[in-house]
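Structural features, examined
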Amino acid sequence: MSAEKLSKARTAYLVSLHQKKFRQKYRNFLAEGGKIVAEILSQDKFRAEGLYALPEWLEKNSALLHRWPDLAPVAVSETEMSKISALSTPSEALAVLHDPGLEMPDLLPADRFCLVLDGIRDPGNLGTLLRIADWFGLEWVFCSPDCADVRNPKTVQASMGSFLRVGTAETDLSDLFARHPAMPVYGALLEGTPLPECRFEQGGFLLIGSESHGIRPELLPAVTHRVTIPRYGGAESLNAAVAAGILLMGIKAGT
């Protein structure tokens, strides 16, 4: 299969999806990476609106393409891929996905944990947090309005396919906690009960703040349990994703 030359209009459209306002306008977003796109073609949650890939990738994954008879994949050159990619190192495949939006459930199960993120503004960090939530079997990740966009290409790529399995929603966190008064809120704070001494209930919210600012003050009254990861060295703080992984391991071990 030979590579085709993309039109200027199609190139401009794909590049526009690097920006949130155009992702919202068209209700489409990009997913990049050979493994991620192959996983997309194996699922039914998101509908692929377009597929652009190097000829050798299309040939290698021809069996998956048969599941999508209405999809017309476009073979592109490495030069063309570099023009439409949102990543510093372009991958071998890029998919355009329709964003159906997610309706947040009115009432969350009281016996399960959800990850809640306050002010996580780095797309790569957010994607890693989705991957961690997926690893520990969490169904939902809730983000404050000032978090990075979960449909940012860098977030999607960093999630390594976990965006396909973990539900996400942008919401007012104070309202989220107020609508679930019976669910405990475990806040990651520098001053609190050391993780090894914590006893966790079967469900609740794990609230993680940004690395630089932590949990914003107006959310602290909603925190029912302050949890601290013991520090044995001189580092001032932990990366938010690292902290979430440690705390979720503690939660799984302590419930």
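**Re the pairing of strand E7 (residues 167–170)**
Pairing of strand E6 (residues 140–143) with E7, which is carried by 4 bridges, proceeds in the parallel orientation. Opposite Trp140, over in E7, you have Gly167 as the bridge partner.

**Looking at the pattern of salt bridges**
Inspection of the entire model under this criterion finds 12 salt bridges. Here Arg67 ties to Asp44 by a salt bridge, and the two come within 3.3 Å at their closest N and O atoms. Pair noted here: Arg67 is in the loop between helix H5 (62–65) and strand E3 (74–75) and Asp44 is in the loop between helix H3 (34–40) and strand E2 (48–53), with a separation of 23 residues, a long-range link. Ionic pairing is found between Asp146 and Arg121, a salt bridge with its closest N-O pair at 3.0 Å. Pair noted here: Asp146 is in the loop between E6 and helix H8 (153–158) and Arg121 is in the loop between strand E5 (113–118) and helix H7 (123–135), with a separation of 25 residues, a long-range link. Within this structure, Asp118, Arg121, Asp146 and Arg216 form a network of salt bridges that share partners.

**Some points on the pairing of E6**
Burial along E6 is two-sided: the face carrying Trp140 and Phe142 and the face carrying Val141 and Cys143 are both buried. Pairing between E5 and E6: 3 bridges, direction parallel. The residue bridging Leu117 from the neighbouring strand is Cys143, located in E6. Considered for its hand, the β-α-β crossover made up of E5, H7 and E6 is right-handed. The β-α-β motif built from E6, the intervening H8 and the parallel element E7 has right-handed crossover chirality.

**Some words on the packing of aromatic side chains**
What the rule picks out here adds up to 9 aromatic pairs. Ring centres of Tyr13 and Tyr26 lie 5.1 Å apart, and the angle between their planes is 80°; on these two criteria the pair is classed as edge-to-face. Highlighted residues: Tyr13 in helix H1 (residues 8–16) and Tyr26 in helix H2 (residues 20–26), separated in sequence by 13 residues. Under the relative-accessibility criterion, Tyr13 is labelled buried at 17%. Members of the aromatic cluster, each reached through a chain of ring pairs, are Tyr13, Phe22 and Tyr26. Across the ring face of Phe29, the terminal group of Arg151 is positioned such that the distance to the ring centre comes to 4.9 Å.

Scoring rules and cut-offs
Residues numbered from 1 in each chain as written. Predicted model: local features only at pLDDT ≥ 70, side-chain atom pairs only at ≥ 80, totals over all residues. Heavy atoms only, no water. Pairing = 2+ DSSP bridges. Helix = DSSP H or I, 4+ residues; strand = E, 2+ residues; numbered from the N terminus. Salt bridge = Lys/Arg side-chain N within 4 Å of Asp/Glu carboxyl O. Buried < 20%, exposed > 50% of the residue type's maximum accessible area, 1.4 Å probe, protein only. Right-handed = clockwise from strand over helix to strand, strands pointing away. Phe/Tyr/Trp six-rings, centres within 6.5 Å; stacked < 30°, edge-to-face > 60°. Lys NZ or Arg CZ within 6 Å of the ring centre and 35° of its normal.

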